[in-house]
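# Observations on the model geometry
This is what each chain is made of:
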Amino acid sequence: MDEITRINKYLSVSGFCSRREADRLLEQGRVTIDGQTAVLGDRVHPEQNVCVDGKQICPSDERILIALNKPEGIVCTSSKQDKDNIIDFIHFEKRVYPVGRLDKDSTGLILLTNDGELMDRILRGRNGHEKEYEVTVNKPMKKEVLQAMAQGVPILNTMTKPCRIERLDQRCFRMILTEGLNRQIRRMCEYFGYRVVTLRRVRIMNIELGNLPVGKWRYVSPDELQKLEQSLKGQKFYNERAGSD
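Read on for an overview of the structure. (Residues numbered from 1 in each chain as written. Predicted model: local features only at pLDDT ≥ 70, side-chain atom pairs only at ≥ 80, totals over all residues. Heavy atoms only, no water.)

Right, let's talk about the pairing of strand E14 (residues 172-177) for a bit. Most of E14 is tucked away, with six of its six residues classed as buried. Residues of E14 alternate between two faces, with Cys172, Arg174 and Ile176 on one and Phe173, Met175 and Leu177 on the opposite face, all of them buried. Here six bridges tie strand E10 (residues 131-137) to E14, and the two strands are oriented antiparallel to one another. For threonine 136, the partnering residue across the bridge sits in E14 and is cysteine 172. Sheet topology places strand E13 (residues 164-167) next to E14; four bridges connect them, and they run antiparallel. Paired with arginine 167 across the bridge in E14 is phenylalanine 173. The hairpin turn running from E13 into E14, its antiparallel successor, is four residues long. (Buried < 20%, exposed > 50% of the residue type's maximum accessible area, 1.4 Å probe, protein only. Helix = DSSP H or I, 4+ residues; strand = E, 2+ residues; numbered from the N terminus. Pairing = 2+ DSSP bridges.)

Okay, the environment of arginine 186 next. For arginine 186, the location among the structural elements is in helix H6 (residues 184-191). In the structure, arginine 186 is positioned 49 residues away from valine 137 in sequence and 9.4 Å away in space, judged by C-alpha atoms. Not counting residues within four places of it along the chain, the set of residues in contact with arginine 186 comprises Asp103, Asp105, Ser106, Val196 and Leu199. (Contact = heavy atoms within 4.5 Å.)

Turning our eyes to something else, we now look at the pattern of salt bridges. Counted by the stated rule, this structure contains 19 salt bridges. A salt bridge links aspartate 103 to arginine 183; the nearest nitrogen and oxygen atoms lie 3.8 Å apart. Note that aspartate 103 is positioned in the loop between strand E8 (97-98) and strand E9 (107-113) and arginine 183 in the loop between E14 and H6, a separation of 80 residues in sequence. Residue aspartate 103 is classed as buried on the basis of its relative accessible area, which comes to 17%. For arginine 183, a relative accessible area of 31% corresponds to the partly exposed category. Among the ionic pairs, arginine 174 bridges to glutamate 134, the shortest N-O distance being 3.7 Å. Taken together, the residues span a long stretch of sequence, with arginine 174 in strand E14 and glutamate 134 in strand E10 at a distance of 40 residues. Within the structure, one salt-bridge network assembled from shared partners comprises Glu130, Glu132, Glu134, Arg164, Glu166, Arg174, Arg200 and Arg203. (Salt bridge = Lys/Arg side-chain N within 4 Å of Asp/Glu carboxyl O.)

Further remarks concern the sheet that holds strand E5 (residues 50-52). Pairing is antiparallel across the open sheet formed by four strands, whose spatial order is E3-E2-E5-E6. Strand pairing shows two members of the sheet lacking a second neighbour, strand E3 (36-37) and strand E6 (55-56), which therefore form its edges.

The next point concerns helix H5 (residues 143-151). Turning to H5, its buried residues number three or more, namely Val145, Leu146, Met149 and Ala150. The buried side chains of H5 occupy one side of the element, clustering within an arc of 135° when seen end-on. Across from the buried face of H5, at angles greater than 90 degrees, the exposed residues are Lys143, Glu144 and Gln151. Elements in contact with the buried residues of H5: E13, E14 and H6. Positive backbone phi, approximately 130°, marks glycine 152, located one or two places after H5. (Arc of directions from axis to C-beta.)

What follows concerns the pairing of E9. In terms of burial, E9 is largely enclosed, as six of its seven residues are buried. One ladder, built from six bridges, connects strand E7 (residues 65-70) with E9; its direction is antiparallel. From the neighbouring strand, asparagine 69 faces E9, where its bridge partner is leucine 109. Note: E8 against E9, two bridges, orientation antiparallel. Counted as the bridge partner of proline 98 is leucine 112 from E9. Looking at chain direction, E9 and strand E15 (residues 196-204) are connected through two bridges and run parallel. From the neighbouring strand, glycine 108 faces E15, where its bridge partner is arginine 201.

Such coordinate-based values are descriptive only and should not be taken to indicate function.
Take a look at the structure:
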């Protein structure tokens, strides 16, 4: 990082947190620049001393993006207060945090990174980024239910966006979403009287789970990263109150 930049972007690019989390830290008065409490909109020079809770933050010299096949029971949080948190599970040598979340009861692909900018760009729901799931329910799913589900379901005081659904067998189907409401697939199934037995995410945008064993992780390949960047290129991924760089 060799230019003047906004403090929340500095924290994000450094690999410390996402921009949203940086904004919260700033609002709480936990960030300082050269010993002075920072506020939203402040800019920082590369040679200045930035600290969070008194600990100096140094820009990361390496961007990390890894793919994990999350087992059931692991929670997608960086909080050490949860004994089943994903950070302790993966035990990676450098600071990373999960890109979004995957329910504790669900399995499959979750990305982790030290790049808050990249994370924010992937997570912006308005950009329509695809996430693909394989779902098994507790009883045969009627064709008309799948068709209705694909059109949108009223949950959480909103209507889900139309999605693509492909039947795999009587109780299993593949679903491709472009949004990520809380426990969305489970709630959509419950609306029609079905209970999800297993739910596995197999793809995020162009990054696929493939044959990665449960509980194992791998680095996202340079080719995958290049394609991901191409998909994200030019997207307005953040709209902060003090403006955007």
